[in-house]
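Topology and contacts: notes
The primary structure of each chain is shown beneath.
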Protein chains: 2
Amino acid sequence: METFDLIIIGAGPAGLSASIYASRYGIRHLVVGEVTGGLMTQTFEIGNWLGTENITGQEFSDAAAAHVKSYGAQIRPAIVTNIAPQADGGFVLSLADGKELSAKTLLSATGTHHRYLDIPGEKELAGKGVSYCPTCDGFFFKNKVVAIAGGGDSAAEAGAYLSNICSKVYIVVRGAEMRAEKFWKDLVQKKENVEVIFETNIVEIKGETRIDDLVLDKAYQGSKTLKADGLFVEIGLTPNTAFLKDMGVGLDEQGYVKVSPDQSTNIQGLWAAGDATTSSNHFRQIVTAASEGAIAANSILQHLQRGE
Amino acid sequence: METFDLIIIGAGPAGLSASIYASRYGIRHLVVGEVTGGLMTQTFEIGNWLGTENITGQEFSDAAAAHVKSYGAQIRPAIVTNIAPQADGGFVLSLADGKELSAKTLLSATGTHHRYLDIPGEKELAGKGVSYCPTCDGFFFKNKVVAIAGGGDSAAEAGAYLSNICSKVYIVVRGAEMRAEKFWKDLVQKKENVEVIFETNIVEIKGETRIDDLVLDKAYQGSKTLKADGLFVEIGLTPNTAFLKDMGVGLDEQGYVKVSPDQSTNIQGLWAAGDATTSSNHFRQIVTAASEGAIAANSILQHLQRGE
């Protein structure tokens, strides 16, 4: 069985940043990830990564992976199906292809997935008008018309934010009212260029290389067609942490991994970093994930040195 | 008097990253900084910034500043001499050139300065063999001989780390023993390629484009000349926070600004980010500073929106 000092599960910005620090620290490690780049690969264009004015999510993911490999570290495309803690304090990982790996320490950096609307056109137009991150992509709809699907805090916050950038913002809410904090609801109501459409679902996104129309299940101002350049889907995130639950890893109510300031978890030998954790004031960005990965690697170095 | 929603004090990675987020949020702000890039400008070569295999500190600082300016934000080279909290909750800043600025909110991102040896050759060879950051620069001395000046935790930690990369590491300690934690002292003693030289000071660094020799004030193995390719000065950092003390900002014993998870301080309207804070598990890296700047900007956005 292949044995490592550290296995990093997840190849998004947290895992890749941790790998770079681990390589420079001389920690023998492996990155195991389903999608190299993680959720970044779905991002339109990254404009808030310091020093890089504009780069697509895919380009940035490729650059990050090349950076990792430049230090000789490997990124293995694989799915972890089981983690078995060992009596000596290490872990044995089972992969979907039947192989097993062994590691002294683990870093879980598995991120989150967006909840999808699951409607026609959504997958096809992701990154071509359909976005899941107002902070990342809002700027690219400057002076344009956008719609937001969702009725909670993140939908309302997105509405308040996008109203400063876009000429017009529709918030399409399934229920009869928004479930958002009063503060956010009040704020959205004050914005003259925001219209909230209640008791309505978006049922189809029409367009080929860009969004042409959104199709509603109930007429709004006499039409079931809503004209918009962008659609932000804000119906929640789900941390990819179900596989940690059986190990007894401390998760919060939403399933995010509870971590200490050094990114350690309640399980000895297991760290967590990135969007699936409670760190960084719950602000989920490439830079916060990369930072958590670096902090975790530094903490793991100290742990491994203590164990020598 | 010029008035802003936010003034960011400090133009290192925390301040510049915060500016990019603030610009994208539409927050009217100004960056005031002594050195654009801050301590980064002193870094040899940056190898751990995700997606960028190699860049000099100066090049990265220039790219970050260009990125900030691409959003229309200004970086003003100036020194803040006084901050006067106002009755309405805002602040008036006095600059060394006699001008005053007013802001609703402040972000202090003033970083730290390395304590220097203050010996001949130190300034001249900074970035040409003299380094203040083993994590940043250690890799560039792979299989070479380095010396560390210092006898505390950071010197011992640097010794343990560099011993894995360099062929030989000297730790030059002023006193009769190291003041480091037992754990670090033990670890350093176990490393066969580390030699600790006690009761000795480095008094001069000889060389022009690179280090030729270090001059000691006491002979070691019969010579006052120590041959080394690199010198790491690890005699401490000092946070640039003296100017915050009079305002009643909560600082820890070493002078680092105590911050909450959202980077807020104990003073309403004042946030802090970067190396001069207690965040990021005290791990002081470009990526941790940039992350803290982003978190602070997000938190300031929410504060300003609440105040509308």
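Residues numbered from 1 in each chain as written. Chains lettered and ligands numbered in written order. Predicted model: local features only at pLDDT ≥ 70, side-chain atom pairs only at ≥ 80, totals over all residues. Heavy atoms only, no water.

**A short note on the overall build of chain A**
Basically, it comes down to this: Each helix is a run of H or I in the DSSP string that is no shorter than four residues. Each strand is a run of E no shorter than two, and both are numbered from the N terminus. In this description the radius of gyration comes from C-alpha coordinates, and the expected globular size is given by 2.2 Å times residues to the power 0.38. The rule is simple: take the accessible area with a 1.4 Å probe, protein chains only, and divide by the maximum for that residue type; under 20% is buried, over 50% is exposed, in between is partly exposed. Should any heavy atoms of two residues lie within 4.5 Å, those residues are considered in contact. For every accessible area listed, the method is Shrake-Rupley and the probe measures 1.4 Å; residues are considered covered only by the protein chains on display. Charge counting follows a simple rule: Lys and Arg are positive, Asp and Glu are negative, and His as well as the terminal groups are ignored. Working definition for charges: the position is that of NZ of Lys, CZ of Arg, CG of Asp or CD of Glu.
Counting secondary structure elements, chain A contains seven helices and 17 strands. Whereas a compact globule of 308 residues would reach a radius of gyration of roughly 19 Å, chain A reaches 21 Å, a difference of no more than 12%. Dimensions of chain A, computed from the C-alpha atoms along their principal axes, are close to 70 × 35 × 35 Å. Across the 308 residues that make up chain A, the buried fraction comes to 58%. Pairs at least 24 apart in sequence give 58% of the contacts found in chain A among residues at least 6 apart. For chain A, the accessible area works out to roughly 12,700 Å², and carbon and sulfur atoms hold 46% of it. For chain A, the separation between the mean place of its 27 positive charges and that of its 36 negative charges on side chains is 2 Å.

**Some points on the interface of chain A and chain B**
For interface size, the figure often reported is the accessible area lost on association. Put simply, the test is: Note: buried area is the sum, over both parts, of the accessible area (probe 1.4 Å) each one loses when the two are combined. The salt bridge criterion pairs a side-chain nitrogen of Lys or Arg with a carboxyl oxygen of Asp or Glu, the two atoms within 4 Å. In the analysis that follows, any N or O atom pair within 3.5 Å is treated as a polar contact, provided that within protein one partner can donate a hydrogen and the other can accept it, and provided that, for residues neighboring in sequence, both atoms belong to side chains. Lys, Arg, Asp and Glu make up the charged group, whereas Ala, Val, Leu, Ile, Met, Phe, Trp, Tyr, Cys and Pro make up the nonpolar group; the residues left over, Gly among them, are polar.
Taken residue by residue, the interface counts 53 residues in chain A and 53 residues in chain B. For the pairing of chain A and chain B, the buried interface totals around 4,800 Å² over both sides, and the portion due to carbon and sulfur atoms is 59%. At the junction of chain A and chain B, the tally comes to zero salt bridges. The tally of links between chain A and chain B comes to 17 residue pairs in polar contact (both at pLDDT 80 or more). Every element with two or more residues in the side of chain A that touches chain B is listed here: α1 (13–25), α2 (57–70), α3 (134–137), α4 (153–163), α5 (182–190) and α7 (286–307) of chain A. The element that contributes the greatest number of residues to the side of chain A that touches chain B is α7 of chain A, accounting for 10 residues. Residues that form the side of chain A that touches chain B fall into these classes: 26 nonpolar, 17 polar and 10 charged.

**Considering the packing of aromatic side chains**
Residue and element names in this part refer to chain B. To keep it simple, the criterion reads: Only Phe, Tyr and Trp rings are paired, with Trp represented by its six-membered ring, and only when their centres lie within 6.5 Å; those with planes under 30 degrees apart are stacked, over 60 edge-to-face, the remainder tilted.
Enumeration over the complete set of coordinates arrives at 17 aromatic pairs over all chains. Taken together, a centroid distance of 5.6 Å and an interplanar angle of 90° make the contact between Tyr116 and Tyr132 edge-to-face. With Tyr116 in the loop between β7 (112–114) and β8 (130–131) and Tyr132 in the loop between β8 and α3 (134–137), this residue pair connects regions lying 16 residues apart in the sequence. Tyr132 sits in the buried class, given a relative accessible area of 9%. Relative to Phe232, the ring of Phe141 lies with its centre 5.5 Å away and its plane at 75°, an arrangement referred to as edge-to-face.

**Some points on the sheet that holds strand β14 (residues 223–227) of chain A**
Residue and element names in this part refer to chain A. Worth spelling out the cut-off: For two strands to pair, DSSP has to find at least two bridges joining them. Every axis in this analysis is a line fitted to C-alpha atoms, fitted for helices over the stretch in contact. Angles between the N-to-C directions lie between 0 and 180 degrees.
One open sheet holds the three strands; their spatial order is β12-β13-β14, and the pairing between them is antiparallel. Single-partner strands in this sheet number two, and they are β12 (202–206) and β14. Neighbour-to-neighbour, the strand axes of this sheet turn through a mean angle of 30°, independent of strand direction. Here β12 runs beside strand β13 (residues 213–220); their pairing, made up of four bridges, is antiparallel. Bridged to Glu204 within β13 is Val215.

**Some details on the sheet that holds β8 of chain B**
Adjacent strands of a sheet form backbone hydrogen bonds with each other and so pair up, either parallel or antiparallel. Pairing is parallel across the open sheet formed by five strands, whose spatial order is β8-β15-β9-β10-β11 (chain B). Since the sheet does not close on itself, it has two edges, and those belong to β8 and β11 (194–197) of chain B, each with one partner.

**Some thoughts on the domain arrangement of chain A**
All names here are of chain A. In plain terms, the rule: Reported domain spans reflect what an automatic or database domain assignment gives.
Each domain of chain A was delimited in the assignment, giving domain 1 (2–113 + 237–306) and domain 2 (130–233). Counting from both sides, the interface comprises seven residues of domain 1 and, opposite them, six residues of domain 2. Counting the contacts that link domain 1 with domain 2 gives zero salt bridges. For the interface between domain 1 and domain 2, the tally reads zero residue pairs in polar contact (both at pLDDT 80 or more).

**Digging into the pattern of salt bridges**
Two side chains bearing opposite charge may form a pair once their charged atoms approach each other closely. Residue and element names in this part refer to chain B. Scanning all chains against the criterion turns up 12 salt bridges over all chains. Asp229 is the salt-bridge partner of Arg210, the closest N and O atoms lying 3.2 Å from each other. Of the two residues, Arg210 is situated in the loop between β12 (202–206) and β13 (213–220) and Asp229 in the loop between β14 (223–227) and β15 (230–233); the sequence distance between them amounts to 19 residues. Residue class for Arg210 comes out partly exposed when judged on its relative accessible area of 41%. Judged by relative accessible area, Asp229 falls into the partly exposed class, the value being 23%.

**Things to note about α4 of chain A**
Three or four residues apart is the spacing at which side chains of an α-helix point the same way, because the helix has 3.6 residues per turn. Counting buried positions over the 11 residues of α4 of chain A gives eight, a clear majority of the element. Buried within α4 of chain A we find Ala155, Ala156, Ala158, Gly159, Ala160, Tyr161, Leu162 and Ser163 of chain A.

**Digging into the side chain of Ser299 of chain B**
Along the chain, the position of Ser299 of chain B falls in helix α7 (residues 286–307). Not counting residues within four places of it along the chain, the set of residues in contact with Ser299 of chain B comprises Asp262 and Trp271 of chain B.

**Remarks on the packing of α4 of chain A against α5 of chain A**
All names here are of chain A. This is how the line gets drawn: By definition, any crossing whose near helix is turned counterclockwise from its far helix by less than a right angle is left-handed, and any crossing with a clockwise turn is right-handed.
The N-to-C vectors of α4 and α5 enclose an angle of 35°; their axes lie 9 Å apart at closest approach. Judged by the sense of rotation from one axis to the other, the crossing of α4 with α5 is left-handed. Here Asp153, Ala156, Glu157 and Ala160 of α4 lie close against α5, whose contacting residues are Trp184, Leu187 and Val188. Grouping the constituent residues of the contact of α4 with α5 by class yields five nonpolar, no polar and two charged.

**So, the relation of the copies chain A and chain B**
Cut-off, in case you're wondering: Our superposition of the copies is a least-squares fit, built on the C-alpha atoms of residues whose pLDDT is at least 70 in both.
The two copies are related by a screw motion: chain A maps onto chain B through a turn of 180° and a shift of 0.0 Å along the axis, at an RMSD of 0.1 Å. Both copies are brought into coincidence by an operation consistent with a two-fold rotation axis. Residue Ser291 of chain A of chain A places its C-alpha closer to the rotation axis than any other residue of that unit, at 3.1 Å. Taken together, the interface assignments show that 100% of the residues at the interface of chain A recur at the interface of chain B, consistent with an identical surface on both copies.

**Quick look at the nonpolar core**
Counted only if it meets this: We define the nonpolar core as a collection of buried residues of types Ala, Val, Leu, Ile, Met, Phe, Trp, Tyr and Cys that are connected through side-chain atoms lying within 4.5 Å of one another.
Formed by 123 residues in total, the largest nonpolar core has its most connected members in Trp49, Leu107 and Leu162 of chain A together with Trp49, Leu107 and Leu162 of chain B. Once residues lying within four places of it in the same chain are set aside, the contact partners of Trp49 of chain B are Trp49, Leu50 and His67 of chain A together with Phe60, Ile286, Val287 and Ala290 of chain B.

**Some thoughts on the state of the cysteines**
Residues and elements named next belong to chain A. Our working definition: Disulfides are defined as cysteine sulfur pairs within 2.5 Å.
Taken as a whole and assessed by the stated rule, the structure comprises two disulfides over all chains. Across the disulfide from Cys133 sits Cys136; the S-S distance is 2.0 Å. Residues Cys133 and Cys136 share a disulfide whose torsion about the S-S bond is about 75°; that sign makes it right-handed. Of the residues examined, Cys136 reaches a relative accessible area of 16% and is grouped as buried. A disulfide-free cysteine, Cys166 has its sulfur positioned 13 Å from the sulfur of Cys133, the nearest such atom. Judged by relative accessible area, Cys166 falls into the buried class, the value being 4%.

**Focus on the packing of α7 of chain A against helix α5 (residues 182–190) of chain B**
Contact pair α7 of chain A / α5 of chain B: the axes reach a minimum separation of 10 Å and the direction vectors enclose 65°. Here α7 of chain A runs over α5 of chain B; the crossing is left-handed. Contact residues: Gln302, Gln305 and Arg306 of chain A in α7 of chain A; Phe183, Trp184 and Leu187 of chain B in α5 of chain B. Partitioned by chemical class, the residues of the contact of α7 of chain A with α5 of chain B number three nonpolar, two polar and one charged.

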